[in-house]
Amino acid sequence: MPKTLVPDFVFDKFSDVTAEFLKEHNIKAILSDVDNTLSPYEHDVPNDEVRAWVKNLQDSGIKIALVSNNNYERLDKYNAEMGLVAYADAGKPSRKCYFKAASDLGVDIADCAVLGDQLLTDCWSARRVKIPCIIVPPIKDKRDLFHRFKRAVEVPFMYIYKKRNKK
Ligand SMILES: [Mg+2]
């Protein structure tokens, strides 16, 4: 079984990823997915919890950028108030937008971590860039056949993660 897509860390939700945790692991910046990681597809704008989490990280000196495979229309509206470094149409698992985002944030890519809900895009990108990957379960899963297939592919990797991290 290839272990390349086993995430480094798994949390119940984005807000469990705290500045303390990130500092403990020498992570200075988060390159975060949007859809199903921070908000469900149908939320045009971040809710209070997302905004509070972002502000809290920033106040603690952690930088954050949004890297999404969704389009600019979606991301511009979502990011309008927060004004974060943000790349849409990222083409994950392409590495390009991660390097751009790190450079825009003024941090070394090696000091970043990826946050996302999908192993095949978010975790794979992190592997390719050789930075840690933090996975949260999707807020609201799309249940069409394509997405069900993608989730099924993820099962063995999540199994390895759980086995490794069993107390
Ligand atoms: Mg996502």
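Everything quoted here is computed from the prediction, not taken from an experiment.

Here is what the cut-offs are and how they apply
- Residues numbered from 1 in each chain as written.
- Predicted model: local features only at pLDDT ≥ 70, side-chain atom pairs only at ≥ 80, totals over all residues.
- Helix = DSSP H or I, 4+ residues; strand = E, 2+ residues; numbered from the N terminus.
- Rg over C-alpha atoms; globule rule 2.2 N^0.38 Å.
- Buried ≥ 20, exposed ≤ 12 C-beta atoms within 10 Å, placed from the backbone.
- Expected span 1.5 Å × (residues − 1).
- Bend = angle between axes of the 7 residues up to and from the residue.
- Pairing = 2+ DSSP bridges.
- Right-handed = clockwise from strand over helix to strand, strands pointing away.
- Core = buried A, V, L, I, M, F, W, Y, C linked by C-beta atoms within 7 Å.
- Contact = placed C-beta atoms within 7 Å.
- Arc of directions from axis to C-beta.

Student: Looking at this model, I keep getting lost on the overall build of the protein chain. Mind explaining?
Tutor: Per the secondary structure count, the protein chain includes six helices and six strands. The order of α-helices and β-strands along the protein chain, N terminus first, is β-α-β-α-β-α-β-α-β-α-β-α. The C-alpha radius of gyration of the protein chain comes to 15 Å, within 12% of the 15 Å expected for a compact globule of 167 residues. Split into buried and exposed, the 167 residues of the protein chain put 37% on the buried side.

Student: Help me understand helix H6 (residues 145-164), please; the structure alone is not making it clear to me.
Tutor: Counting along an α-helix, one turn takes 3.6 residues, and residues three or four places apart therefore face a common direction. With 20 residues, H6 extends 30 Å between its outermost C-alpha atoms, agreeing within 8% with the 28 Å of an ideal straight helix rising 1.5 Å per residue. At Val-155, H6 shows its largest kink, close to 35 degrees, and the proline Pro-156 lies no more than four residues downstream. Little of H6 sits out of view: just one of its 20 residues are buried.

Student: What is the right way to read the sheet that holds strand E2 (residues 29-32) from this model?
Tutor: Taken in spatial order, the six strands make up an open sheet running E1-E6-E5-E2-E3-E4, and their pairing is parallel. Every interior strand has two partners, whereas the edge strands, strand E1 (9-10) and strand E4 (85-87), have only one.

Student: Can you help me understand the pairing of strand E5 (residues 112-116) in this one?
Tutor: Successive side chains on a regular strand alternate, one facing one side of the sheet and the next facing the other. The buried fraction of E5 is high, at five of five residues. Side chains of E5 alternate between two faces, with Cys-112, Val-114 and Gly-116 and Ala-113 and Leu-115 buried alike. In this structure, E2 lies alongside E5, joined through four bridges in parallel fashion. Paired with Ile-30 across the bridge in E5 is Ala-113. Since E5 and strand E6 (residues 133-135) lie parallel, the crossover through helix H5 (residues 119-129) that links them has a hand, and here it is right-handed.

Student: Looking at this structure, how should I read the nonpolar core?
Tutor: Across soluble globular proteins, nonpolar side chains show a tendency to be buried alongside one another. Core analysis: the largest hydrophobic core is formed by 44 residues, its most contacted members being Ala-29, Leu-31, Ala-65, Val-67, Ala-101, Ala-113 and Val-114. Those residues in contact with Val-67 that sit more than four places away from it in its chain are Leu-31, Ser-32, Asp-33, Tyr-87, Ala-90, Lys-92, Cys-97, Tyr-98 and Ala-101.

Student: I would appreciate a short explanation of the environment of Leu-5 in the present structure.
Tutor: Within the fold, Leu-5 resides in the segment before E1. Residues Leu-5 and Ile-160, 155 residues apart in the sequence, show an inter-C-alpha distance of 9.7 Å. Ignoring sequence-local partners within four residues, the contact set of Leu-5 consists of Leu-119, Cys-123, Trp-124, Arg-127 and Phe-157.

Student: Just to check I follow, could you spell out the environment of Leu-66 for this structure?
Tutor: Within the element layout of this structure, Leu-66 appears in strand E3 (residues 63-67). Distance in space between the C-alpha atoms of Leu-66 and Ala-88 is 8.0 Å, their sequence separation being 22 residues. Not counting chain neighbours up to four residues away, the residues in contact with Leu-66 comprise Ser-32, Val-34, Leu-75, Asn-79, Leu-84 and Ala-86.

Student: What should I look at first to understand unusual backbone geometry in this one?
Tutor: Of all residues except glycine, most have a negative phi; of all peptide bonds, most are trans. At the junction of Lys-92 and Pro-93, the peptide bond is cis and its omega measures out at 15 degrees in the coordinates. Its place among the elements puts Pro-93 in the loop between E4 and helix H4 (96-105).

Student: Can you walk me through helix H3 (residues 72-79) in this structure?
Tutor: Along H3, the residues that are buried comprise Leu-75, Tyr-78 and Asn-79. Considered in projection along H3, the buried side chains sweep an arc of 85 degrees and stay on one side of the axis. Seen from the open side of H3, the exposed residues pointing more than 90 degrees away from its buried face are Glu-73, Asp-76 and Lys-77. Tucked into the core, H3 has its buried residues touching E3 and E4.

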